[in-house]
Amino acid sequence: MPDSQPWQPDDHAADAAGAAGSPDTAAPAGLVLCGARLTDGRVVDVRLGGGRIEAVGTAGSLAAPGPRLDLRGYLLLPAPAEPHAHSDTALTADDAGPGVPGPASHRPEDIRRRATEAALLQLGHGATALRSHVRIGDVQGLAPLEAVLQARRSLRGLADLTPVAVPRLLTGVAGAGNLAMLREAVKMGAGAVGGCPDLDPDPAGYAEAVLEVAAEQGCPVDLHTDSDDPARLGRLAAMAGGLRTGVSLGPCAGLSRLPPQAAARAADQLAAAGVTVICLPQGGCCGVEGRGTAPVRLLRSAGVRVAAGSGALRDLANPVGRGDPLEAAYLLASQHGLPAAEAYEAVSSAARTAMGLPGVRVEAGFPAELLAVRGEQLPGVLSLACSRVVVHRGRVVARTSAVREYCDSETVVALGLPRQGRTDSGSCGGP
């Protein structure tokens, strides 16, 4: 990763916080996050242990031996999750050279490298859990899935990566082999099944086949669809309603192009079926023709759970995709008018629910999946989220530090312009 360097801890406390060591190293006992601000305004200490939050108390109240990390000046949040990534094609926009589009390498070693690097980039943004759509079938068979599974193993202890097996066709003679391969993919370790019904000659048959495999194998469904055909979407919602393992659809940008009454009717059908919609505010993953975002406020008003993902990460569909969940939340707030808290919920609690993960709150007993961002209030954090500290399973796994300094001038002195960096670290080891 040319823009990143391995973080070397600069003090004993940070070292004990778990940034160094093997991925399987257990979280340090009694790590205390000091002086963090919560979204309700409280300034607290948070003690972590065994991968969970052990205690939350007022700042200075949790005296315990062991490592401490100074988070004064940081807002502490439940960590976001990435519900819609494409690890096998991530970071391929420049593969053929500047201005020369070409096919990405499908060699397993290249897919594994890209998937690992992409997950680490998104971990640096704060996403400690990722769900990635991985194409199977055709000439490559199951090799891309195996490569992403290898990446998942190499990331153990840093981030949780769950692949979704995505065949191209599932109906007719051409799809028979892919259907068998989809079942094999689940046995190999795919955490969900999905695909794009819109590309199959029989979209309803494709969706029915995926739902049948999911029911057989007891795994969730995550389908990639534009949702621009209300009749087809209604049939899909009716079929999905009985699946207990959960069904997600995304990016559903086509709903925004439907007449208002048709879109409202589709939203009601999705809500009744308990289907989650995963929108992609940062851009789609199907090229220019697939741009746009699902009608988030309409869906939420109908009672549909809406999560937000990143989609393409610097591939040909979106060469500038960043994979940053806080940018997705920012866009939901700035472009779709959601309050900051609801926008962040879409990339955190709603995303985790869509992925079948346990909820996270900054309270005792919850999983220690946390993100600290320099700032005091959530709107400001979404506006300028530069410095970040990421906690996964109770240990610090990534940090990004940004320092802004201004040259000496009377204007700077007179205005007392703030600087993000500070030299005092107090009694705790600072980020």
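One can find the structure itself at the top, above this paragraph.
**Digging into the overall build of the chain**
Here's step 1: From N to C terminus, the chain includes 13 helices and 16 strands.
Here's step 2: In the chain, which comprises 431 residues, the proportion classed as buried is 54%.
Here's step 3: Contacts in the chain between residues at least 24 apart in sequence constitute 74% of all its contacts with a sequence separation of at least 6.
Here's step 4: Total accessible area on the chain stands at roughly 18300 Å², and carbon and sulfur atoms take up 53% of it.

**Observations regarding the nonpolar core**
Here's step 1: Among the nonpolar cores identified, the biggest contains 80 residues, and Val193, Val221, Leu249, Leu270 and Leu299 are the most heavily contacted of them.
Here's step 2: No other element matches the 7 residues that helix H5 (residues 203-217) contributes to this core.
Here's step 3: Ile53, Leu69, Leu76 and Val389 belong to the second largest nonpolar core, which has 20 residues in total.

**Section: the pattern of salt bridges**
Here's step 1: Within this structure, the stated rule accounts for 22 salt bridges.
Here's step 2: Measuring nitrogen to oxygen at the nearest pair gives 2.8 Å for the salt bridge that ties Arg42 to Asp40.
Here's step 3: Across the pair Arg183 and Glu216 runs a salt bridge whose closest N-O atoms are separated by 2.8 Å. Within this pair, whereas Arg183 is found in helix H4 (residues 172-188), its partner Glu216 is found in helix H5, the two being separated by 33 residues in sequence.
Here's step 4: Judged by relative accessible area, which is 23%, Arg183 ranks as partly exposed.
Here's step 5: By relative accessible area, Glu216 is classed as partly exposed at 44%.
Here's step 6: Taken together, the shared-partner salt bridges in this structure form one network comprising Arg322, Asp324, Glu327 and Arg388.

**Here's the deal with empty space enclosed by the protein**
Here's step 1: Throughout the structure, instances matching the rule amount to 2 cavities of 30 Å³ or more.
Here's step 2: Of the voids in this model, the largest cavity is the one considered here, and its volume is about 100 Å³.
Here's step 3: The set of elements that each furnish at least two residues to the lining of the largest cavity consists of H5 and helix H6 (230-240).
Here's step 4: No other element matches the 5 residues that H6 contributes to the lining of the largest cavity.
Here's step 5: The class makeup of the residues in the lining of the largest cavity is 7 nonpolar, 2 polar and 5 charged.
Here's step 6: A volume near 40 Å³ is recorded for the second largest cavity.
Here's step 7: As for the second largest cavity, its lining consists of Ala85, His86, Ser87, Ala90, Ala118, Gln122, Ser310, Gly311 and Leu313.
Here's step 8: Residues of the lining of the second largest cavity, tallied by class, amount to 4 nonpolar, 5 polar and no charged.

**Here's the deal with the pairing of strand E10 (residues 221-225)**
In regular strands, side chains alternate between the two faces of the sheet.
Here's step 1: In terms of burial, E10 is largely enclosed, as 5 of its 5 residues are buried.
Here's step 2: Judged by which residues are buried, E10 turns out to be covered on both faces: Val221, Leu223 and Thr225 on one side and Asp222 and His224 on the other are all buried.
Here's step 3: Regarding topology, H5 serves as the crossover connection from strand E9 (residues 192-195) to the parallel E10, and that connection is right-handed.
Here's step 4: Of the strand pairs in this sheet, E10 and strand E11 (residues 247-251) are connected by 5 bridges, and their pairing is parallel. Residue pairing for E11: Thr225 is matched across the bridge by Pro251.
Here's step 5: Between the parallel pair E10 and E11, the chain is carried across by H6, and the sense of this crossover is right-handed.

Parameters at a glance
Residues numbered from 1 in each chain as written. Predicted model: local features only at pLDDT ≥ 70, side-chain atom pairs only at ≥ 80, totals over all residues. Heavy atoms only, no water. Helix = DSSP H or I, 4+ residues; strand = E, 2+ residues; numbered from the N terminus. Buried < 20%, exposed > 50% of the residue type's maximum accessible area, 1.4 Å probe, protein only. Contact = heavy atoms within 4.5 Å. Areas by Shrake-Rupley, 256 points an atom, 1.4 Å probe, with all protein chains shown as cover. Core = buried A, V, L, I, M, F, W, Y, C linked by side-chain atoms within 4.5 Å. Salt bridge = Lys/Arg side-chain N within 4 Å of Asp/Glu carboxyl O. 1 Å grid on protein atoms, 1.4 Å probe; cavity = no way out; pocket = protein on both sides within 12 Å on 5 of 7 lines; lining within 4 Å. Points joined across faces, edges and corners; volume = space filled by probe spheres on them. Nonpolar A, V, L, I, M, F, W, Y, C, P; charged D, E, K, R; others polar. Right-handed = clockwise from strand over helix to strand, strands pointing away. Pairing = 2+ DSSP bridges.

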